Amino acid sequence: MRLLVINPNTTESVTELGADLGRRLAEPGSEIRAVTGRFGARYISSRSAATIAGHAALELLATHVEGCDAVYLACFGDPGLFALKELSPVPVIGMAEASCHLAAAFGRRFSIVTGGARWGPMLEEFVAAIGLSSLASVRTVAPTGAEIAADPDRALASLAGQARACAEEDGAEVVILGGAALAGLASRIDEDVPVPVLCSVETGFRAAFAAAKLRPGKARAGSLSAPQPVETIGLGEALESAMHGRPM
């Protein structure tokens, strides 16, 4: 099994943080091919940065998907998710997509805790876009994801406090600790939170591994089937080729 892990943030240390967790979770013989955005924000924290990241993710897909069994968009908020699903010849699983669907299965209401204030409304919009109505709240902590990755110990108390508030004040029955930079932190705060806490990175990896095993075929009809070839200008060579309809 070969899994392409796309991090459209441009910080390689964040890519490796998630990839290391994926390698520990993977079955023997599996390969994790982890790639980092060539351009864009160091750590995505706004709509404009996320839009740029969607382009970067498409470029990474077109360049690296050959020979892979599934794609994991390892960036919470899933920039470019539906465009990736449309263009990819293999299944694409988003970190936020997988986490939210599993959380909704575990409890009637779920909340998200993450770093960076602008992610609040962005994630509310995302959850609505994937068809879920069971979001209790999104709570953010002051440090950005990049700052949490640089000093996770300093953020633990704040993350735990917000997760508790989700359960005790917002009515959440499950809490997602969201963000590539927060990989592995859910297990460090779960004893301080009265409801299950999901690590978004782990949840996404497990869903992506499952998709790679299932090997569902590419849709031949509907909105996620391959788009009609179009003329383009100014794109990277691999993405331009894909947009012209050439196999990846």
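Rules behind the numbers
Residues numbered from 1 in each chain as written. Predicted model: local features only at pLDDT ≥ 70, side-chain atom pairs only at ≥ 80, totals over all residues. Heavy atoms only, no water. Helix = DSSP H or I, 4+ residues; strand = E, 2+ residues; numbered from the N terminus. Rg over C-alpha atoms; globule rule 2.2 N^0.38 Å. Buried < 20%, exposed > 50% of the residue type's maximum accessible area, 1.4 Å probe, protein only. Areas by Shrake-Rupley, 256 points an atom, 1.4 Å probe, with all protein chains shown as cover. Lys, Arg positive; Asp, Glu negative; His and termini not counted. Charge placed at Lys NZ, Arg CZ, Asp CG, Glu CD. 1 Å grid on protein atoms, 1.4 Å probe; cavity = no way out; pocket = protein on both sides within 12 Å on 5 of 7 lines; lining within 4 Å. Points joined across faces, edges and corners; volume = space filled by probe spheres on them. Nonpolar A, V, L, I, M, F, W, Y, C, P; charged D, E, K, R; others polar. Arc of directions from axis to C-beta. Contact = heavy atoms within 4.5 Å. Core = buried A, V, L, I, M, F, W, Y, C linked by side-chain atoms within 4.5 Å. Pairing = 2+ DSSP bridges. Polar contact = N/O pair within 3.5 Å; in protein donor to acceptor, adjacent residues only side chain to side chain. Axes fitted to C-alpha atoms, helices over the stretch in contact; angles between N-to-C directions. Parallel < 35°, antiparallel > 145°, perpendicular 65-115°, else oblique. Left-handed = near helix turned anticlockwise from the far one by under 90°. Salt bridge = Lys/Arg side-chain N within 4 Å of Asp/Glu carboxyl O.

Caption draft 1: Quick look at the overall build of the protein chain. When its secondary structure is counted, the protein chain shows ten helices and eight strands. The C-alpha radius of gyration computed for the protein chain amounts to 17 Å, which stays within 12% of the reference 18 Å derived for 248 residues, consistent with globular compactness. C-alpha atoms of the protein chain, sized along the principal axes, occupy 50 × 35 × 30 Å. Here the protein chain holds 248 residues, and 51% of them are scored as buried. For the protein chain, the accessible surface area stands at approximately 11200 Å², while carbon and sulfur atoms represent 50% of it. The averaged location of the 27 negative side-chain charges in the protein chain is 3 Å from the averaged location of its 21 positive side-chain charges.

Caption draft 2: Region of interest: empty space enclosed by the protein. What the rule picks out here adds up to two cavities of 30 Å³ or more. Size it by volume and the largest cavity reaches roughly 70 Å³. Every residue lining the largest cavity is listed: Asn-9, Tyr-43, Ile-44, Cys-75, Phe-76, Thr-114, Gly-115, Trp-119, Gly-178, Gly-179 and Ala-180. Looking at side-chain class alone, the lining of the largest cavity contains six nonpolar, five polar and no charged residues.

Caption draft 3: The arrangement of helix 5 (residues 119-129) in detail. Inspection of helix 5 places Trp-119, Gly-120, Met-122, Leu-123, Phe-126 and Val-127 among the buried residues, and these make up the whole buried set. Along the axis of helix 5, the buried residues cluster in a sector spanning 165°; they form a single face. Residues of helix 5 that are exposed and point more than 90 degrees away from the buried face comprise Ala-128 and Ala-129. For helix 5, the elements touching its buried residues are helix 2 (47-64), helix 3 (81-87), helix 4 (95-106), strand 5 (110-115) and strand 6 (135-141). A positive phi of about 85° marks Gly-131, the residue just after helix 5.

Caption draft 4: Here's a closer look at the nonpolar core. Within the largest apolar cluster, 86 residues are counted, with the highest numbers of intra-cluster contacts made by Phe-110, Ile-112 and Leu-159. Setting aside chain neighbours within four positions, we find Phe-110 in contact with Cys-100, Ala-103, Ala-104, Val-127, Leu-132, Ser-134, Leu-135, Ala-136, Ser-137, Ala-172, Val-174 and Ile-176.

Caption draft 5: The pairing of strand 6, seen in detail. Pairing between strand 5 and strand 6: six bridges, direction parallel. Within strand 6, the residue paired with Gly-115 across the bridge is Val-141.

Caption draft 6: Spotlight on the environment of Thr-10. Inspection of the secondary structure puts Thr-10 in the loop between strand 1 (2-7) and helix 1 (12-25). Looking at Thr-10, the relative accessible area reads 9%, which means it is buried. Note: C-alpha distance between Thr-10 and Gly-22 (twelve residues apart in sequence) is 19 Å. Contact partners of Thr-10, with chain neighbours within four places excluded, come to Thr-36, Gly-37, Arg-38, Phe-39, Gly-40, Ala-41 and Arg-42. Within the structure, Thr-10 has its side chain in polar contact with the backbone oxygen of Ala-41 (distance 2.9 Å).

Caption draft 7: Representation of the packing of helix 1 against helix 9 (residues 200-214) within the structure. One way to put it is that helix 1 packs onto helix 9 with a least axis distance of 10 Å and a crossing angle of 50°. On the basis of the axis angle, helix 1 is oblique to helix 9. Once helix 1 is placed against helix 9, the crossing between them reads as right-handed. Each of Gly-18, Ala-19, Leu-21, Gly-22 and Leu-25 in helix 1 lies in contact with helix 9, whose residues at this interface are Val-201, Glu-202, Phe-205, Arg-206 and Phe-209. Looking at the contact of helix 1 with helix 9 residue by residue, the classes come out as six nonpolar, two polar and two charged.

Caption draft 8: View of the pattern of salt bridges. Under the criterion given, the structure shown has 13 salt bridges. Salt bridges sharing partners connect three or more residues here, namely Glu-16, Asp-20 and Arg-23.

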